[in-house]
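Inside the fold
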Amino acid sequence: IMKITPILFSLVMAMSCNTSTQKSNESISLLEPVQTESQNGQSKAYFASGCFWCVEAVFESVKGVSESVSGYSGGIEDNPTYKEVGYGRTTHAEAVEIYYDPEIVSFETLVDVFFGSHDPTTLNRQGPDAGPQYRSIAFYQNAAEKKIIEEKIAALNASTYDGKIVTQVMPFQKFWIAEGYHQNYERLNPDNPYIRNVSVPRLKRFQAKFPELLKDGSH
């Protein structure tokens, strides 16, 4: 009988998780997108691009974005928890829910922020974080949003990434809000080593790249 070493066990688990996620992606891609309702003039958008602590901070620095909420989306399980998602036990990805004023910032600009603040060519990885729970996803709620995302990918593949973008374009279904301690994590935990060494540098790179999109005081 072959002995299962810890390393082999990890590899088997990773392969199993990737297979489950792939099947989930295929099933979700066949569904019609869910269109959220605007609230007090605020529309919603959804993206996944690695650790949600980082992504939340990036979007909250953008003019026209009133709130960015950390959570989980892109999978099929109900009520996912951080422990389950973080250990790759679900088909969800860490994601953010963006509340924005379309009179100030367009969905197309938010897509620019999304692609301009992470590496869309790394499969199931963003920076030091690896696994399908950190994959790149742009969610659409209608045909117009899907067209914007797909045209942006085509343009970036031609101009910058040489066809290497692996971002998934998925019909939005449901967003599960993460546990309370994850909200505004970067702002509330400035001394956390991950925040200092990963999140803040990522935010600074984005801010240097898109100064015209930043709120006053976010520079």
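In what follows, the accompanying structure is described. (Residues numbered from 1 in each chain as written. Predicted model: local features only at pLDDT ≥ 70, side-chain atom pairs only at ≥ 80, totals over all residues. Heavy atoms only, no water.)

1. Points about the sheet that holds strand β3 (residues 93-100)
- What the six strands build is an open sheet, ordered β7-β6-β1-β3-β2-β8; its pairing is mixed. At either end of the open sheet lies a strand with only one pairing partner, and these are β7 (168-171) and β8 (176-177).
- Alignment of strand β2 (residues 65-73) against β8, held across two bridges, turns out to be antiparallel. Bridge pairing links G71 to I177 in β8. (Pairing = 2+ DSSP bridges. Helix = DSSP H or I, 4+ residues; strand = E, 2+ residues; numbered from the N terminus.)

2. Overview of the packing of helix α2 (residues 52-60) against helix α7 (residues 193-209)
- Taken N-terminus to C-terminus, the directions of α2 and α7 make an angle of 35°; their axes are 9 Å apart at the nearest point. Where α2 crosses over α7, the handedness of that crossing is right-handed. Touching W53, C54, V55, A57 and V58 of α2 are Y194, I195, V198, S199, R202, L203 and F206, all from α7.
- Residues belonging to the contact of α2 with α7 are distributed by class as follows: ten nonpolar, one polar and one charged. (Axes fitted to C-alpha atoms, helices over the stretch in contact; angles between N-to-C directions. Left-handed = near helix turned anticlockwise from the far one by under 90°. Contact = heavy atoms within 4.5 Å. Nonpolar A, V, L, I, M, F, W, Y, C, P; charged D, E, K, R; others polar.)

3. Describing the pairing of β2
- Among the nine residues that make up β2, seven are buried, leaving the element largely enclosed by the rest of the structure.
- Bridging between β2 and β3 involves eight bridges; their strand directions are antiparallel. Residue pairing across strands places E67 opposite Y99, the latter belonging to β3. (Buried < 20%, exposed > 50% of the residue type's maximum accessible area, 1.4 Å probe, protein only.)

4. Re the packing of aromatic side chains
- For the structure shown, the criterion picks out twelve aromatic pairs.
- Centre to centre, the rings of W53 and Y185 are 3.8 Å apart; their planes meet at 5°, and the pair counts as stacked. Of this pair, W53 sits in helix α2 while Y185 sits in helix α6 (residues 185-188), and the two are 132 residues apart along the sequence. The same class applies to W53 as to Y185, namely buried.
- We note K174 situated over the ring of W176; from NZ or CZ to the ring centre the distance is 4.7 Å. (Phe/Tyr/Trp six-rings, centres within 6.5 Å; stacked < 30°, edge-to-face > 60°. Lys NZ or Arg CZ within 6 Å of the ring centre and 35° of its normal.)

5. Digging into the environment of L30
- Checked against the element boundaries, L30 lands in the loop between α1 (6-29) and β1 (43-49).
- In this structure, the C-alpha to C-alpha distance between L30 and N157, residues 127 residues apart in sequence, is 24 Å.

6. Description of the pattern of salt bridges
- Per the stated rule, a full pass over the model turns up four salt bridges.
- Among the salt bridges present, the one from E108 reaches K152, with a minimum N-O distance of 3.8 Å. Of this pair, E108 sits in helix α4 (residues 107-116) while K152 sits in helix α5 (residues 143-161); the two residues are 44 residues apart in sequence, bridging distant segments of the chain.
- What makes E108 partly exposed here is its relative accessible area of 40%.
- Its relative accessible area of 16% is what places K152 among the buried residues.
- Where K147 meets E151, a salt bridge forms, and the shortest distance between an N and an O atom there is 2.6 Å. Within this pair, K147 and its partner E151 are both found in helix α5, separated by four residues, close to a single helical turn.
- The network of salt bridges with shared partners includes E108, D112 and K152. (Salt bridge = Lys/Arg side-chain N within 4 Å of Asp/Glu carboxyl O.)

7. Remarks on α2
- Within α2, eight of the nine residues are buried, which leaves it mostly tucked inside the rest of the structure.
- Of all the positions in α2, only F52, W53, C54, V55, E56, A57, V58 and F59 are classed as buried.

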